[in-house]
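# Structural overview
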Amino acid sequence: MEEEEEEEEEEEEKRKKEREKEVDGRRRVDDECQRRGSRRRTPTRLQLYQVFKLVLLPSVVGSSSASASTLYGLDLKRRKWVSGAIEKAFNIGAREQLDGEIARIFYMAGLSFHFARNPHYVNTFKSAYSNPIPGYLPPGYNSLKTTLFQKEKANIERLLVPIKDSWDVKGVTICNDGWLDSQRRPLINIMAICEIRLMFLKAINCEGEVKDKYFIANLLIDSIRKIGPQNVVQVITDNAVNCKAARLLVEAKFPHIFGHHV
């Protein structure tokens, strides 16, 4: 009997809080309508958006675990939803809400869906779940553009040190290849290969440039000087006429470097 009385008291307390939320929500709508000089009507989702400037996520609108009335304190249809044991155990409502927020990042920023396969993207949420940090906020525009960018650049340079240190021992092969990106811009990639390890050096946008033998030869010579002529063994390009002529110019400037094509 005592347990039943306690349950009834809890239910009564919940109903009391719901009524208070409803009264507060209706008061806010009344105040807004009065400010605008219009009569209060039964608020709809569109009216709620116009009044409170809030956008409902798809997962919230269609979810059985949450509704507009729950979010804004308005019991529009006077429905009560009793969560089951499974919903409570897996926290389905919160999961759907988080999924909706993540999906909106992709849609608003125009991100490729392939980004969801990025291991760092997945590890971000795993780390946040495993190591919750109270009050943590993600890095903002300025930190991403300055301090964090410089830290990551320094980290990449540190990871490349073992590869660069092997150049004077094993020798380096420089390769170049031309291709078009998604915007149809002509690009030339320059890469350095030592044994089975490949290192990307740079990509050059050749838009508006004449890709003759002198232009390509200057790109290769510039890369050779950055690596160190004494470390370069050969240069590999494709079999185009301008690339053949560029290899001859490189061999004339650095007689110890061989030129090949694929």
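Reading guide: rules and limits
Residues numbered from 1 in each chain as written. Predicted model: local features only at pLDDT ≥ 70, side-chain atom pairs only at ≥ 80, totals over all residues. Heavy atoms only, no water. Helix = DSSP H or I, 4+ residues; strand = E, 2+ residues; numbered from the N terminus. Buried < 20%, exposed > 50% of the residue type's maximum accessible area, 1.4 Å probe, protein only. Contact = heavy atoms within 4.5 Å. Areas by Shrake-Rupley, 256 points an atom, 1.4 Å probe, with all protein chains shown as cover. Pairing = 2+ DSSP bridges. Axes fitted to C-alpha atoms, helices over the stretch in contact; angles between N-to-C directions. Core = buried A, V, L, I, M, F, W, Y, C linked by side-chain atoms within 4.5 Å. Expected span 1.5 Å × (residues − 1). Parallel < 35°, antiparallel > 145°, perpendicular 65-115°, else oblique. Left-handed = near helix turned anticlockwise from the far one by under 90°. Nonpolar A, V, L, I, M, F, W, Y, C, P; charged D, E, K, R; others polar.

- Per an unreviewed UniProt entry, the recorded name for the chain is DUF659 domain-containing protein, and the organism is Acer negundo.

### Remarks on the overall build of the chain
- Along the backbone of the chain there are twelve helices and five strands.
- Burial status across the chain gives 25% buried among its 262 residues.
- Considering only contacts within the chain whose residues lie at least 6 apart along the sequence, 48% involve residues at least 24 apart.
- Looking at the chain as shown, the accessible area adds up to about 19600 Å², and 56% of this sits on carbon and sulfur atoms.

### A closer look at unusual backbone geometry
- Its identity as a non-glycine residue notwithstanding, R184 has a phi of 65 degrees, on the positive side.
- Among the secondary structure elements, R184 is positioned in the loop between strand 1 (172-180) and strand 2 (186-194).
- Given a relative accessible area of 63%, R184 falls into the exposed group.

### Focus: the sheet that holds strand 5 (residues 258-261)
- The strand order across the open sheet built from five strands is 3-2-1-4-5, with neighbouring strands paired in mixed fashion. At either margin of the open sheet sits one strand with a lone partner, and together these are strand 3 (197-205) and strand 5. Taking each pair of neighbouring strands and ignoring which way they run, the sheet shows an average axis angle of 25 degrees.
- Direction of pairing for strand 2 relative to strand 3: antiparallel, over a ladder of eight bridges. Its bridge partner being in strand 3, I190 is matched across the sheet by K202.
- Across the sheet, helix 11 (residues 213-227) is in contact with strand 1, strand 2, strand 3 and strand 4 (232-237); its angle to strand 3 comes to roughly 135 degrees.
- Of the strands in this sheet, strand 4 and strand 5 are in contact with helix 12 (residues 241-253), which crosses strand 5 at around 170 degrees.

### Examining the nonpolar core
- Core analysis: the largest hydrophobic core is formed by 27 residues, its most contacted members being W167, I174 and I224.
- Those elements giving two or more residues to this core turn out to be helix 9 (147-165), strand 1, strand 2, strand 3, helix 11, strand 4 and helix 12.
- Sort the elements by how many residues they give to this core and helix 11 lands first, with eight residues.
- Those residues within four positions of W167 in sequence are excluded, and the remaining contacts are V172, A192, C194, M199, I227 and N231.

### Looking at helix 11
- Along its 15 residues, helix 11 runs 21 Å from first to last C-alpha, staying within 8% of the 21 Å computed at 1.5 Å per residue.
- Within helix 11, burial applies to F215, I216, A217, L219, L220, I221, S223, I224 and I227.
- Turning to helix 11, the residues buried within the fold contact helix 10 (167-170), strand 1, strand 2, strand 3, strand 4 and helix 12.
- Once helix 11 ends, the next one or two residues include G228, with phi positive near 110 degrees.

### Description of the packing of helix 11 against helix 12
- At a closest axis distance of 8 Å, the pairing of helix 11 and helix 12 adopts a crossing angle of 45 degrees. Taken together, the axes of helix 11 and helix 12 are oblique relative to one another. In the packing of helix 11 onto helix 12, the handedness of the crossing is right-handed. Here K213, Y214, I216, A217, L220, I221, I224 and R225 of helix 11 lie close against helix 12, whose contacting residues are N242, C243, A245, A246, L249, V250 and K253.
- Grouping the amino acids of the contact of helix 11 with helix 12 by side-chain chemistry returns eleven nonpolar, one polar and three charged.

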